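Each chain is listed here by its residues.
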Amino acid sequence: MELHDLKTQYRRLKPRIDARMQAVLDHGQYIMGPEVAELEGKLAAYVGSKHCIGVADGTTALLVAMMALGIGPGDEVITTPFTFIATGEMIALLRATPVFVDIDPRTWNIDPRAIEAAVTPRSRAIMPVSLYGQCADMDAINAVAARHGLAVIEDAAQSFGATYKGRRSGALSTIGTTSFFPTKPLGCYGDGGACFTDDDGLAQRMRQIRLHGQDRRYHHPLIGINGRLDTLQALLAKLEVLDDELAARARIGKRYSELLAGVASRLPTIEVHNTSVYAQYTIEAEGRADVQARLKEQGIPTAVHYPVPLHLQPAFAGLALGEGTFPKSEAAARRVLSLPMHPFLDEAQQDRVVAAVKGAVAVRSAA
């Protein structure tokens, strides 16, 4: 059993993927070839955004977005500590300061009710993370941002294709960013990412920044980076089947929740106005290490996203935010456990996972 079954996906799409890659090998435009522009147009239309800027990866997308907004030394960016390191890392790389706000434990996303208290005169942006495939409460976050004149960058690395009140993740704020890491709901065969915006000026700046600040060959109005999307990573064949795969993920996620009701400490809570793409199917379990070990004994892979909140990472020790500062994030980090989730997980495999989880939890409870 696989946590993410990329091999089955490739076998199903092999003729289309191979043909697309062969076309790139034939024309030889490996950097910013015509497929990149084609992909950007289709992604923008899919998301409902005016502009899509393909970049090297999801981390680069965050960096490019903040650089386009002029975020730098002395600025503050409000975000969640319960996320992958890249969210806070890129803020720090620009010598800005991440200001963490605790999560809503129901959704594991940043709690918009706690954001306003974190705003200071140095605040420049809010960066919510749409974790595990479900959007954060973007309307509430955008309202706080509007009151204080802040930009909002949605870190949608795990939520491409999800909807919030009928709108797609990535087109819900000043700038949306996403990742096409292979295991993401829309994944390439290496690294890839994108930025989305309706703002013409920001789009122009992001296109320049990803290409060393260049507006025309060898003319560089801005300091930029090498943040381009390789042509071979233009995942057009996968985009063609994305809706079908997302429907399968939604069906599998719903079935997991029905079968595991009353078993785990917490199951995913999908808000009524949201759809989730279930980048992970994550539960909370007391005694996680024991549960994880028992599942491993039965050949069932699991993962922990994420075991150490950012404020407790050594890289952010300089912020002097000790244990207990963000108790909801810390509690989630001790208990979250991601189960196998991909569009090709059949009911027999899912039943195996559910039986193993029930057994592991029962043994733990009896101990």
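Residues numbered from 1 in each chain as written. Predicted model: local features only at pLDDT ≥ 70, side-chain atom pairs only at ≥ 80, totals over all residues. Heavy atoms only, no water.

## Section: the overall build of the protein
As a reminder of what qualifies: Only DSSP runs of H or I reaching four residues or more are called helices, and only runs of E reaching two or more are called strands; each is numbered from the N terminus. Here the globule rule is a power law, 2.2 Å times the number of residues to the power 0.38, and the radius of gyration is based on C-alpha atoms. Throughout this description, buried means an accessible area under 20% of the type-specific maximum (1.4 Å probe, protein chains only), exposed means over 50%, and partly exposed covers the range between. When charges are counted, Lys and Arg are positive and Asp and Glu negative, with His and the chain ends excluded. Just so you know, the charge point we use is NZ for Lys, CZ for Arg, CG for Asp and CD for Glu.
Counting secondary structure elements, the protein contains 11 helices and 12 strands. For the protein, whose C-alpha radius of gyration is 21 Å, the value lies close to the compact-globule estimate of 21 Å for 367 residues. C-alpha extents for the protein along the principal axes are approximately 70 × 55 × 35 Å. Within the span of the protein, comprising 367 residues, buried residues form 56% of the whole. Averaged over its 39 positive side-chain charges, the protein has a centre that lies 1 Å from the centre of its 40 negative ones.

## So, unusual backbone geometry
Backbone geometry follows two general trends: most residues other than glycine have a negative phi, and most peptide bonds adopt the trans configuration. Here His305 and Tyr306 are connected by a cis peptide whose omega angle stands at 20 degrees. Mapped onto the secondary structure, Tyr306 falls in the loop between α9 (288–297) and α10 (327–335). The phi torsion at Trp108 lies on the positive side, around 70 degrees, for a residue other than glycine. Tracing the backbone shows Trp108 in the loop between β3 (97–100) and β4 (123–127). Taking the relative accessible area as the measure of exposure, Trp108 reaches 3% and is therefore buried. Positive phi is not limited to glycine here, since Ala320 has a value of about 55 degrees. Residue placement: Ala320 occurs in the loop between α9 and α10.

## Considerations on the nonpolar core
Nonpolar side chains in soluble globular proteins generally cluster together in the buried interior. Our working definition: We call a set of buried Ala, Val, Leu, Ile, Met, Phe, Trp, Tyr and Cys residues a nonpolar core when their side-chain atoms join them within 4.5 Å. Residues are treated as being in contact if the distance between any of their heavy atoms lies within 4.5 Å.
With 40 residues, the main nonpolar core has Leu43 and Ile126 as its most contacted residues. Sorting elements by how many residues they give to this core places helix α2 (residues 34–47) first, with six residues. In contact with Ile126, not counting residues within four places along its chain, are Ile78, Ile115, Ile141, Val144, Ala145, Leu150, Ala151, Val152 and Ile153.

## Focus: the pattern of salt bridges
What counts here: Between Lys or Arg on one side and Asp or Glu on the other, a salt bridge is scored when a side-chain nitrogen of the former is within 4 Å of a carboxyl oxygen of the latter.
One pass over the structure, following the stated rule, counts 21 salt bridges. A salt bridge links Glu76 to Arg122; its shortest N-O distance comes to 3.9 Å. Of this pair, Glu76 sits in strand β2 (residues 76–79) while Arg122 sits in the loop between β3 and β4, and the two are 46 residues apart along the sequence. The shortest N-O distance in the salt bridge between Glu284 and Arg335 comes to 2.9 Å.

## Regarding the state of the cysteines
Here is the rule we go by: To count as a disulfide, a pair of cysteine sulfur atoms needs to be within 2.5 Å.
In this structure the tally under the stated criterion is zero disulfides. Take Cys135: it sits in no disulfide, and the sulfur closest to it among the cysteines is that of Cys52, at 16 Å. Left unpaired, Cys195 is separated from the closest cysteine sulfur, that of Cys52, by 8.2 Å.

## Digging into the pairing of strand β11 (residues 281–284)
What counts, and what does not: Should DSSP find at least two bridges between two strands, the strands are taken to pair.
Of the two faces of β11, the one holding Tyr281 and Ile283 and the one holding Thr282 and Glu284 are both buried throughout. In the sheet, β11 pairs with strand β12 (residues 336–339) via four bridges, with the strands oriented antiparallel. Bridge assignment links Glu284 to a residue of β12, and that residue is Val336.

## Topic: the packing of aromatic side chains
Stated formally: Here a pair means two rings of Phe, Tyr or Trp (six-membered ring of Trp) with centres within 6.5 Å. Their orientation is stacked below 30 degrees between planes, edge-to-face above 60, and tilted elsewhere. Cation placement over rings: the criterion is NZ of Lys or CZ of Arg within 6 Å of the ring centroid and within 35° of the ring normal.
Applying the stated criterion across every chain yields a total of 11 aromatic pairs. The interplanar angle of 20 degrees and the centroid separation of 5.6 Å between the aromatic rings of Tyr46 and Phe160 together place this pair among those described as stacked. Here Tyr46, found in helix α2, pairs with Phe160, found in the loop between β5 (151–155) and β6 (163–164); they are 114 residues apart in sequence, far enough to count as distant. Taken individually, Tyr46 and Phe160 each receive the classification buried, so the pair is uniform in this respect. Between Trp108 and Tyr132, the aromatic rings sit 5.3 Å apart at their centres with planes inclined by 75 degrees, giving edge-to-face as the arrangement. Of the two residues, Trp108 sits in the loop between β3 and β4 while Tyr132 sits in the loop between β4 and α5 (138–148), which places them 24 residues apart along the sequence. A residue is classified by how much of its surface remains accessible, and Tyr132, at 4% relative accessible area, is buried. Three or more aromatic residues joined by ring pairs make a cluster, and in this case those are Tyr46, Phe160, Phe180 and Phe196. Directly above the aromatic system of Tyr189 lies the positively charged group of Lys238, at a separation of 4.2 Å from the ring centroid.

By themselves, these figures tell us nothing about what the structure is for.
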